[in-house]
Amino acid sequence: MRRAVQGWPYEFLPVMEEIVARHGDVVRIAFGVPVRYVCSHPDAVKQVLVDERDNFVKAGPDNEVIRSIIGTGLLTSDGSRWKRLRTSAIPQFRPAQLQLYSEVVAEECEALADRWEKRARTGDSIDVCPEMLRFAISVLGRALFGVELGHHLHELVGAFRTINSEASRDPTVPVLPFLWGEGRARYRAALRTIDRICAEIADESAGSSGTLLAALCDGPVNASTARDHVKNFLFAGHATTASVLSFLTYVLGSEADVARRAAAEVDTVLGARPVRFDDLKELDELRRICQETLRCYSPVWHMPYQSRRATVIGGYRIPARAIVSISPYLMHRRADLWPDPLRFDPDRFLRERVRERSPYMYIPFGMGARRCIGERLSTIEITMMLAVLSRRFVVELLDDEPVRCMPILTFRPDDRLRVRVRPRSTADGRI
C-alpha cells in the first residue's frame, strides 16, 4: 500500500484494483485506522445490502466524517429514525413529482448551456467541475426546497470544494475535524458557510407546503433539525450528480463515436427543441451512455458499514464491529465481471445484455432498502444534461491525457478538467 499512500489520492484506487485482481472478492486492508474489509463481488453486495442488511449499520469513522459535515438526516440515520424519514420522503420522488422536477432540470440545463455558449463565442475555456456543482445545487434548491439560491450558489460551491480539498490531504486520517493549522481553519469556515446557508434555505422552505422539507418535518421541529435535513439532501444530491456530469462531459470530449451517437439520437428525437420529461423514454442511446458513465466513474466509490455481529463473507470471517466496505468502483472494473472493463462501451447496457447479468453487478445507486431515494431524479438530471450538451455543442478537451480521478468523499475528477465547446451545426443533422 506504500504506493497508494505516497501517490494519494490519484494512486489509491489503481492500487486497490491490483490488490483485488490478485486477492479476490474480499480483501482485508490495514490502511489507516481502522482495518477494513473491502468487498467487490455481487454475492457480497447481496449479503451486506439485502440478506443481512440488519447486521450492517452506518457507523465507523467514514460515516462520522459525513455526520460531521451534514449532521443527522436520512443519509446518516439508521433504524427506526431512518425508516420514518424514508417513508416521509418517498412521496416526493414519485413519478408525478419527478415530472415537475424535470421542468426545473430542463431550465437549469438550458441556463448552463447558455453560459457555455457565451464562452464558445469568446473562445474561453470552461472549468467543468464548479459548473456542474452550480447546476446540481441549483436544481436541488428549486426542485426539492422551492428556493432560488441566487447569490448563495457561489458560496456553496466554494465551501463544498474546500471540504473536498481538505479531505484529500491525508488518507490515514479519516476524520476531517482532526485537521490542524490552516486546513482546520478552512474546513471550519466552510462548514459555517454551509450551516448558515442551509439554515436560511430551511427557514424559507418551511413556509411552503408540498416541499421535501415539509414532508420530512411533518410537524414542528427545531431549527437545527430542519437545517440538517437540508444539508443531507443538498450534500448527497449535489456531490454525486455533479461528479457524474463532470465525467459525462469528459466522455463527450474523449469518445468521439459516443458523442456522434448521442447527437444523432438527439437530432432524431428532439430536433432543435428543448428536451422534455416525456422524451426520456425515447432516448435509449443516451440512457446507455449515462449508465456506462456511471459504471466507469461510480461517484459513490465505496459504501462503508459496520458489522453488529461476526459473520462470514465470501469464505472470510468478519468480526463484530468490523468496517465492511462495498466498492461499486472496484466491482464495476473487474475484468472477470465486465470484459475489457476500461473500454467505454454503452452497448453493455442493451436491455437484452442487462437481463443476462446479476442485478447485484451494477450498483451506482446502491441496492436493497437503502438504495438511493434520489436515483430517478439524478437519472433525469444526467440524461437531460447529456441531451442538451449533445444538441448544442461539440466538446473539446484542453488536455489529451486521461482524466485524473480522486476518491475523496465522492469519486470525482480533479480540478484540471477544462474544456472548450463550439456550437453544433444541425442543418444537415451532422456534427
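Placed above this text is the structure.
Everything quoted here is computed from the prediction, not taken from an experiment. (Residues numbered from 1 in each chain as written. Predicted model: local features only at pLDDT ≥ 70, side-chain atom pairs only at ≥ 80, totals over all residues. Heavy atoms only, no water.)

Visitor: Just to check I follow, could you spell out the overall build of the protein chain for this structure?
Guide: The helix and strand tally for the protein chain stands at 16 helices and 12 strands. Its C-alpha atoms give the protein chain a radius of gyration of 21 Å, near enough to 22 Å, the size a compact globule of 431 residues would have. By its C-alpha atoms, the protein chain is 65 × 55 × 45 Å across when sized along the principal axes. Split into buried and exposed, the 431 residues of the protein chain put 57% on the buried side. For the protein chain, the exposed area adds up to about 18,800 Å²; of that, 51% sits on carbon and sulfur atoms. Considering the protein chain, the positive charge centre built from 62 side chains and the negative charge centre built from 56 side chains are found 4 Å apart. (Helix = DSSP H or I, 4+ residues; strand = E, 2+ residues; numbered from the N terminus. Rg over C-alpha atoms; globule rule 2.2 N^0.38 Å. Buried < 20%, exposed > 50% of the residue type's maximum accessible area, 1.4 Å probe, protein only. Areas by Shrake-Rupley, 256 points an atom, 1.4 Å probe, with all protein chains shown as cover. Lys, Arg positive; Asp, Glu negative; His and termini not counted. Charge placed at Lys NZ, Arg CZ, Asp CG, Glu CD.)

Visitor: Would you mind going over helix α6 (residues 95–122) with me for this structure?
Guide: Note that an α-helix has 3.6 residues per turn; residues three or four places apart therefore point the same way. A rise of 1.5 Å per residue sets the reference length of α6, with its 28 residues, at 40 Å; its end C-alpha atoms lie 41 Å apart and thus fit the reference within 8%. Gly123 sits one or two residues past α6 and shows a positive phi near 80°. (Expected span 1.5 Å × (residues − 1).)

Visitor: Help me out: how do you make sense of the packing of helix α7 (residues 128–145) against helix α11 (residues 223–254) in this one?
Guide: Packed helix pairs are specified by the crossing angle of their axes together with the interaxial distance, meaning the distance between the axes. At a minimum axis separation of 8 Å, α7 and α11 run at an interaxial angle of 140°. Our classification of the angle between α7 and α11 gives oblique. As for how α7 packs across α11, the hand of that crossing is right-handed. Where α7 abuts α11, its residues Val128, Cys129, Met132, Leu133, Phe135, Ala136, Ile137, Leu140, Leu144 and Phe145 lie against His229, Val230, Phe233, Leu234, Gly237, His238, Thr241, Ala242, Leu245, Ser246 and Thr249. Classifying every residue of the contact of α7 with α11 gives 15 nonpolar, six polar and no charged. (Axes fitted to C-alpha atoms, helices over the stretch in contact; angles between N-to-C directions. Parallel < 35°, antiparallel > 145°, perpendicular 65-115°, else oblique. Left-handed = near helix turned anticlockwise from the far one by under 90°. Contact = heavy atoms within 4.5 Å. Nonpolar A, V, L, I, M, F, W, Y, C, P; charged D, E, K, R; others polar.)

Visitor: Teacher, can you tell me more about the pattern of salt bridges here?
Guide: A side chain with one charge may pair with a side chain of the opposite charge, provided their charged atoms come close. Within this structure, the stated rule accounts for 38 salt bridges. Put simply, Arg392 and Glu117 hold a salt bridge, and the shortest N to O gap is 2.7 Å. Residue Arg392 is found in helix α16 (residues 375–392), and its partner Glu117 is found in helix α6; the two are separated by 275 residues along the sequence. Overall, the relative accessible area of 13% leaves Arg392 in the buried class. Using a relative accessible area of 26% as the deciding quantity, one classes Glu117 as partly exposed. We note a salt bridge from Arg424 to Asp267, for which the minimum N-O separation is 2.7 Å. Placement of Arg424 in the segment after β12 (418–423) and of Asp267 in helix α12 (residues 256–269) is noted, with a sequence separation of 157 residues between them. (Salt bridge = Lys/Arg side-chain N within 4 Å of Asp/Glu carboxyl O.)

Visitor: What exactly am I supposed to notice about unusual backbone geometry here?
Guide: Note on backbone geometry: most residues besides glycine have negative phi, and most peptide bonds are trans. The backbone phi angle of Arg321 is positive, close to 65°, even though this residue is not glycine. Along the chain, the position of Arg321 falls in the loop between β7 (316–318) and β8 (323–326). Look at Arg321 and you get exposed, because its relative accessible area is 61%. If you check the backbone angles, Asp340 has positive phi at about 50° while not being a glycine. Positionally, Asp340 belongs in the loop between α14 (328–332) and α15 (351–355).

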